[in-house]
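What follows is each chain in one-letter form.
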Amino acid sequence: MAVNEKIPGERIIEKFPGGEIILAKSEDLMKWAKGSSLWPLTFGISCCAIEMMATGASNFDIDRLGSGVFRGSPRQCDVMIVAGTICVKMGDCLKKLYEQMPEPKYVIAMGNCAIGGGIFYYDTYSVVKGTETLGVPVDVYVAGCPPRPENLLHGIMKLQEKIKHAKQRSVAKDKE
Amino acid sequence: MQNSEVLQKIKNKFPDIVVEELPNALVIPKKALLDIARFLKNDMSFENCHCVTAVDRKDKLELVYHLYSTADHFMLTLKTMVPLDDLTVETVSLLWRSADWLEREVFDLFGIKFLGHPDLRRIMNPDEWTDFPLRKDFKSANLIVRPQSQGLKG
């Protein structure tokens, strides 16, 4: 088997020629695994959820990125796709769901409403102006009203990139 | 019955208090609401109440009922004025069950209290809110008012 044959994760692992041994940093392997199995929360709050469903269906096939396993419980999820307008009443639920998710957890704000209120920014009493105003940190913003499924896939790929290039948190710093 | 006949029948029954406004719209005093509603339901076959809403006229609130008669194929708009210093009105939810949630919605957004309503709570907004969002004088930290347009320049 040629050494430079295309294999998944070829940038982080090195294959010994002829052998069955691969060499990689454990951190990189972990990040690769983390990024390749982002299980999203089934959390469609309004019309962007339709695009999220289309992304999950076979035409666009979110499964090829490893994140097609939509879970019904926040305790089994890695990423929360905030797909839609956040009402004031839903904001509390959103915060609660985010807190229930186990670490490491990521948030994708999908669509203009989840980013900053969107068309409901002005003259609306019942809409939260973006996910971050709730104190929920957002990793990737996917713009659009609503974004196409391709945009959401791109957002997930960006999140995978972000996970892969995340700096290792130093233990010394945590102890301080 | 023709449309004009339906209206005429209501006006004949309540000659002094009913005022015709727009086509198919009647303005009635608040006190007579329940009597007229009962008459419309029981004697006039208006068995469908499909909209209860309100309009803020700044000096008063205008309560609007849309009633439909399946026998006559006639949609009637019933209006009544509610003064700001006495925001109470008799409920019609005991006549039309559909008015139950519609009246809760009006209470939620305008703060009109419906006397005798079986379950008068806010229907959509958070329970702890104390103000009424569709009033003209509504102010909230969450409400960002759209800036006035400067018009086209140059």
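Parameters at a glance
Residues numbered from 1 in each chain as written. Chains lettered and ligands numbered in written order. Predicted model: local features only at pLDDT ≥ 70, side-chain atom pairs only at ≥ 80, totals over all residues. Heavy atoms only, no water. Contact = heavy atoms within 4.5 Å. Buried area = accessible area lost by both parts, 1.4 Å probe. Polar contact = N/O pair within 3.5 Å; in protein donor to acceptor, adjacent residues only side chain to side chain. Pairing = 2+ DSSP bridges. Helix = DSSP H or I, 4+ residues; strand = E, 2+ residues; numbered from the N terminus. Axes fitted to C-alpha atoms, helices over the stretch in contact; angles between N-to-C directions. Buried < 20%, exposed > 50% of the residue type's maximum accessible area, 1.4 Å probe, protein only. Right-handed = clockwise from strand over helix to strand, strands pointing away. Lys, Arg positive; Asp, Glu negative; His and termini not counted. Salt bridge = Lys/Arg side-chain N within 4 Å of Asp/Glu carboxyl O. Parallel < 35°, antiparallel > 145°, perpendicular 65-115°, else oblique. Left-handed = near helix turned anticlockwise from the far one by under 90°. Nonpolar A, V, L, I, M, F, W, Y, C, P; charged D, E, K, R; others polar. Phe/Tyr/Trp six-rings, centres within 6.5 Å; stacked < 30°, edge-to-face > 60°. Lys NZ or Arg CZ within 6 Å of the ring centre and 35° of its normal.

## Comments concerning the interface of chain A and chain B
Taken together, the contacts link 10 residues of chain A with 15 residues of chain B. Summing the contributions of chain A and of chain B, the shared interface buries around 1,100 Å²; its carbon and sulfur component is 59%. For the chain A face of the interface with chain B, the top three residues by lost area are K89, Y122 and Y125 of chain A, together amounting to 59%. Our count for the contact surface shared by chain A and chain B stands at 3 residue pairs in polar contact (both at pLDDT 80 or more).

## As for the sheet that holds strand β3 (residues 48-56) of chain B
All names here are of chain B. With respect to topology, 5 strands assemble into an open sheet ordered β1-β2-β5-β4-β3, the strand pairing being mixed. In this open sheet, the two edge strands, each paired with only one partner strand, are β1 (19-20) and β3. In the sheet, strand β2 (residues 25-28) pairs with strand β5 (residues 74-83) via 4 bridges, with the strands oriented parallel. Among the inter-strand pairings, I28 is bridged to a residue of β5, identified as T80. Helix α1 (residues 3-13) rests against β1, β2 and β5 of the sheet, and its axis sits at about 40° to β5.

## Concerning the pairing of strand β3 (residues 79-83) of chain A
Residues and elements named next belong to chain A. Judged by how many residues are buried, β3 sits mostly within the fold: 5 of 5 residues are covered. Judged by which residues are buried, β3 turns out to be covered on both faces: V79, I81 and A83 on one side and M80 and V82 on the other are all buried. Pairing geometry for β3 and strand β4 (residues 106-110), over 5 bridges, is parallel. Its bridge partner being in β4, V79 is matched across the sheet by Y106. For the crossover from β3 across helix α3 (residues 88-100) to β4, the handedness is right-handed.

## Regarding the side chain of E51 of chain A
All names here are of chain A. By secondary structure assignment, the location of E51 is in helix α2 (residues 48-56). Despite its burial, E51 pairs with no opposite charge; the closest candidate is R148, at 5.4 Å N-O. With residues up to four places along the chain from it excluded, the contact list for E51 reads M110, P146, P147, R148 and P149.

## With respect to the packing of helix α1 (residues 26-36) of chain A against helix α5 (residues 149-164) of chain A
The angle between the axes and the distance between the axes are what describe a pair of packed helices. Residues and elements named next belong to chain A. Relative orientation of the contacting elements α1 and α5 amounts to 160°, with a least axis distance of 9 Å. It follows from the interaxial angle that α1 and α5 lie roughly antiparallel. α5 is crossed by α1, and the crossing has right-handed handedness. In this structure, α1 uses K31, W32, K34, G35 and S36 to contact α5, whose residues at the interface are Q160, I163 and K164. Residue composition of the contact of α1 with α5, grouped by class: 2 nonpolar, 3 polar and 3 charged.

## Side note on the packing of aromatic side chains
All told, the structure shown has 6 aromatic pairs over all chains when counted by the stated rule. Ring geometry for Y125 of chain A against W129 of chain B: centres 6.3 Å apart, planes inclined by 65°, an arrangement best described as edge-to-face. Note that Y125 of chain A is positioned in the loop between α4 (111-116) and β5 (140-142) and W129 of chain B in the segment after β7 (113-115), a pairing that runs across two chains. For the ring pair Y125 of chain A and F138 of chain B, a centre distance of 6.1 Å and an interplane angle of 75° mean the geometry is edge-to-face. Separated into two different chains, Y125 of chain A in the loop between α4 and β5 and F138 of chain B in the segment after β7 make up a pair that spans both. Considered together, Y125 of chain A and F138 of chain B belong to a single accessibility category, that of buried residues. Within the aromatic cluster, the residues linked to one another by ring pairs are Y125 of chain A together with W129 and F138 of chain B. The ring of Y98 of chain A has K105 of chain A sitting right over it, with the charged end atom 4.3 Å from the ring centre.

Shape descriptors only; they carry no functional weight alone.
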